[in-house]
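Close look at the chain arrangement
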Amino acid sequence: MQKKLIWDLPLRLFHWLLVLALVSQWITAELGSEYMDYHFYIGYFILGLIIFRLIWGLVGPKYARFSNFLYPPKAIWQYLRSFLQAQNPHFTGHNPLGGLIVPAVILIVGAQAVTGLFASDDVLASGPYMSAVSSETQGWLDGLHHKIFNVILAIAGIHIVAIAWYQFGRKIPLVGAMITGKKTDAAQSSIGSSRLLLALIIAIIIAAFLYWLIAVAAPVPEMDYYF
Ligand code: HEM
Ligand code: HEM
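The paragraphs below set out a description of the structure included in this document. Please read all numbers here as calculations on a predicted model, not as lab measurements. (Residues numbered from 1 in each chain as written. Chains lettered and ligands numbered in written order. Predicted model: local features only at pLDDT ≥ 70, side-chain atom pairs only at ≥ 80, totals over all residues. Heavy atoms only, no water.)

Remarks on the packing of aromatic side chains
- This structure, assessed with the given rule, holds 12 aromatic pairs.
- With 5.7 Å between their ring centres and 70° between their planes, Tyr 79 and Phe 91 make a pair best called edge-to-face. You can see Tyr 79 sitting in helix α4 (residues 73–84) and its partner Phe 91 sitting in the loop between α4 and α5 (101–116), a full 12 residues away along the chain.
- For Phe 91, a relative accessible area of 28% corresponds to the partly exposed category.
- Here Phe 83 and Tyr 166 contribute two aromatic rings whose centre-to-centre distance is 5.0 Å and whose plane-to-plane angle is 40°, an arrangement assigned as tilted. One end of the pair, Phe 83, is in helix α4; the other, Tyr 166, is in helix α6 (residues 135–169), and 83 residues separate them in sequence.
- Among the aromatic side chains, those forming a connected cluster through ring pairs are Tyr 71, Tyr 79, Phe 83, Phe 91 and Tyr 166. (Phe/Tyr/Trp six-rings, centres within 6.5 Å; stacked < 30°, edge-to-face > 60°. Helix = DSSP H or I, 4+ residues; strand = E, 2+ residues; numbered from the N terminus. Buried < 20%, exposed > 50% of the residue type's maximum accessible area, 1.4 Å probe, protein only.)

Observations concerning the site of ligand 1
- Taken together, 20 residues lie around ligand 1, and His 15, Arg 53, His 94, His 159 and Leu 174 are the ones closest in.
- Here Arg 53 contributes a side-chain N or O atom positioned 2.6 Å from an oxygen atom of ligand 1.
- One of the side-chain nitrogen or oxygen atoms of His 159 is found 2.8 Å away from a nitrogen atom of ligand 1.
- Among the secondary structure elements, those contributing two or more residues to the shell around ligand 1 are α1 (9–31), α5, α6 and α7 (174–180).
- With 7 residues, the top contributor of residues to the shell around ligand 1 is α1.
- Of the residues that constitute the shell around ligand 1, the class distribution is 16 nonpolar, 3 polar and 1 charged. (Near = heavy atom within 4 Å. Polar contact = N/O pair within 3.5 Å; in protein donor to acceptor, adjacent residues only side chain to side chain. Nonpolar A, V, L, I, M, F, W, Y, C, P; charged D, E, K, R; others polar.)

Details of helix α8 (residues 196–216)
- The end-to-end C-alpha distance of α8, which contains 21 residues, comes to 29 Å, matching closely the 30 Å that a straight helix rising 1.5 Å per residue would cover.
- For α8, the complete set of buried residues consists of Ala 199, Ile 202, Ile 206, Leu 210 and Leu 213. The buried side chains of α8 occupy one side of the element, clustering within an arc of 75° when seen end-on. Residues of α8 that are exposed and angled more than 90 degrees away from the buried face: Leu 197, Ile 204, Ile 205, Tyr 211, Ala 215 and Val 216. (Expected span 1.5 Å × (residues − 1). Arc of directions from axis to C-beta.)

Thoughts on the nonpolar core
- Counting residues in each nonpolar core, the largest one holds 24 residues, and the members touching the most others are Trp 7, Trp 56 and Leu 117.
- If you list the elements that add at least two residues to this core, you get α2 (36–59), α7 and α8.
- The dominant element in this core, judged by the number of residues it contributes, is α8, at 5 residues.
- The next biggest cluster of nonpolar side chains, apart from the first, holds 16 residues, and it includes Phe 66, Val 105, Ile 106 and Val 109. (Core = buried A, V, L, I, M, F, W, Y, C linked by side-chain atoms within 4.5 Å.)

Thoughts on the coordination of the iron atom of ligand 1
- Binding of the iron atom of ligand 1 to the protein goes through His 15 (NE2) and His 159 (NE2), at separations of 2.0 Å.
- Taking the relative accessible area as the measure of exposure, His 159 reaches 26% and is therefore partly exposed. (Donors = N, O, S within 2.8 Å, 3.2 Å for Na, K, Ca; no water.)

The following block contains the structure:
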């Protein structure tokens, strides 16, 4: 059977760059102050990735769209039941349960990146918006930046176990498809094109927005903020 393009290139890049960037964020946070510059830049990059996926969910190719993989709770429950009964209900894009990873990551990783803008290690490194809020609010957002990361680890853990289960338990080669974009599927049509030009235009607009957000619009703290 012929393999067909299902996952477009921007979606695959989003996925693997996100994995790489999240691992880097963990490492740079653990290494401490000297590596905080890297932590900041990679954090802005992740914010860009999340904004991109949000827009791509509206204007990307068929299987990248929210309308293709966000199902009502009843359909998610039915899918879970049939899966547990060892059936393999077929979905070309994300299945109803797996599709939940997209809104979960947009919300949780997005919240981690946004709270980072307000975080501070109380010594050398502070996010660009630290002084934009009261010190109580800043402390609260900083606390969230620490706590939310555990939720990201939990989501990533569940996701990786689930993917391994499909891959090795059910012998459904999902990982290869997320790398090449292609699946063997007679029933569905391929996406035709990855819409690379549109993805590039969106990426440039997001980069310009992030530059404005971080380098232009961010408040310069008053000296007495620190004392
Ligand atoms: C080495 C570890 C990982 C592997 C092997 C992996 C593999 C995969 C695969 C195969 C899919 C497609 C699922 C499907 O066919 O429905 C997928 C989707 C996804 N994964 Fe991962 N993943 C990994 C780590 C992560 C991590 C750490 C995150 C972030 C917390 C993540 C977030 C996502 C998201 C958001 C999607 C949906 C893609 C989209 O539509 O944009 N993955 N992953
Ligand atoms: C999704 C992206 C991000 C992830 C996954 C992430 C992850 C982390 C982690 C795991 C820590 C260490 C927490 C701990 O020791 O308990 C941390 C600390 C920190 N992060 Fe991020 N971060 C992200 C984005 C950002 C951004 C965009 C900024 C600022 C521009 C930022 C600024 C900071 C600062 C200043 C600290 C030190 C906080 C302290 O010591 O109290 N982070 N981050």
